[in-house]
Every structure is written in C-alpha cells, then in structure tokens.
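# Architecture at a glance
As a plain string of letters, each chain reads:
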Amino acid sequence: QVQLVESGGGLVQAGGSLRLSCAASGRTFSKYTMAWFRQAPGKEREFVAAVNWNSGGTYYGDSMNSRFTISRDNAKATMYLQMDSLKPEDTAVYYCAADRSGVVHGIPQNYDYWGQGTQVTVSS
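The present account deals with the structure reproduced in this document.

Cut-offs applied
- Residues numbered from 1 in each chain as written.
- Predicted model: local features only at pLDDT ≥ 70, side-chain atom pairs only at ≥ 80, totals over all residues.
- Heavy atoms only, no water.
- Phe/Tyr/Trp six-rings, centres within 6.5 Å; stacked < 30°, edge-to-face > 60°.
- Helix = DSSP H or I, 4+ residues; strand = E, 2+ residues; numbered from the N terminus.
- Buried < 20%, exposed > 50% of the residue type's maximum accessible area, 1.4 Å probe, protein only.
- Lys NZ or Arg CZ within 6 Å of the ring centre and 35° of its normal.
- Salt bridge = Lys/Arg side-chain N within 4 Å of Asp/Glu carboxyl O.
- Pairing = 2+ DSSP bridges.
- Axes fitted to C-alpha atoms, helices over the stretch in contact; angles between N-to-C directions.
- Contact = heavy atoms within 4.5 Å.

### A word on the packing of aromatic side chains
- Applying the stated criterion across every chain, the model contains 6 aromatic pairs.
- Both rings, one in Y32 and one in Y113, keep their centres 6.3 Å apart while their planes meet at 15 degrees; by these two values the pair is stacked. Taken as a pair, Y32 in the loop between β3 (18–26) and β4 (33–39) and Y113 in strand β10 (residues 113–114) lie far apart in primary sequence, 81 residues in all.
- Y32 sits in the buried class, given a relative accessible area of 2%.
- Grouping aromatic residues by their ring pairs yields a cluster made of F37, F47, Y59, Y111 and W114.
- Between the NZ or CZ atom of R19 and the centre of the ring of Y80, over which it lies, the distance is 3.8 Å.
- Looking at R45, its charged tip hangs above the ring of W114, at a distance of 4.8 Å from the centre.

### A short note on the pattern of salt bridges
- Counted under the stated rule, the structure contains 4 salt bridges.
- In this structure, E46 and R38 form a salt bridge, with 2.7 Å as the shortest nitrogen-oxygen distance.
- A salt bridge links R67 to D90; the shortest N-O distance between them is 2.7 Å. Linking R67 in the loop between β6 (58–60) and β7 (68–73) with D90 in the loop between β8 (78–83) and β9 (92–99), this pair joins segments that are 23 residues apart in sequence. Of the two residues, R67 and D90, both sit in the buried class.
- Residues joined in a network through salt bridges with shared partners are R38, E46, R67 and D90.

### Re the sheet that holds β8
- Overall, antiparallel pairing links the 4 strands, which are arranged β1-β3-β8-β7 in an open sheet. A strand with exactly one partner marks an edge of an open sheet, and here the two such strands are β1 (2–7) and β7. Sheet twist, expressed as the average angle between the axes of neighbouring strands with direction ignored, equals 15 degrees.
- When β1 meets β3, the two strands line up antiparallel, connected through 6 bridges.

### What to know about the environment of A77
- Tracing the backbone shows A77 in the loop between β7 and β8.
- For the pair A77 and A49, spaced 28 residues apart in sequence, the C-alpha to C-alpha distance is 17 Å.
- In contact with A77, other than residues within four places in its own chain, are C22, A23, A24 and W53.

Here it is, written out as structure tokens:
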C-alpha cells in the first residue's frame, strides 16, 4: 500500500511560480515511477511529468515545456513539481501518482496509486 498526499497548490498571479509537493508513505520501492498529472475543468487528465525514483530519470508530457521541472527527494520520500512563468491555462487540479513498474511514462491507466489532488489557479 502506498499513500500519496499532494500539497502546495493555491492561487497565483500569471508569471508567478509555485512548487507542488507529493509526500509518499507506506511501502515505497526504489523501482517505482512517480508522476504528476493535471486535470482542468472540462478536459481529460493530462500527463505533466514523471521521474524514476531510483535513477532520477525524467520524462515530460508533449504539452509541457521548460517552465515545469520534476524532482524527488529520496530521503524525504517526496516528489516536487516546480512551476515557473505560470499561465492561466495551467489552472487545474494537479495529482501525483505512482507506478510499480519504474518505467517512466505518461499513461494514467498504468499508474497504480493516486493522491487526492491539489488545486492550482493562475489568475490573469
């Protein structure tokens, strides 16, 4: 069992920055893949980025750019998403997820564990 809890969301001005955290508890294996997804109103869940917990290797979604950076702290069992130069279109609920396979990918059906999400709202 793995529990994931997101935090760090909130209301920010366009052009601002925000750092999201995902704390993992329970049995966390070094082979796991950890990822961020987001879902805006009326839209499908969108892959943001993933990181291999052991190697730190990363993979970003096609719609992502250098404004977003994924990272993890093994000692703290916490994953982060640094978001810079935020735009109103970044407004969404952001979810963290874990995949036992350890393979970095953006397929939501292949992720085994999910957090409850944290709201990010970017104002104009």
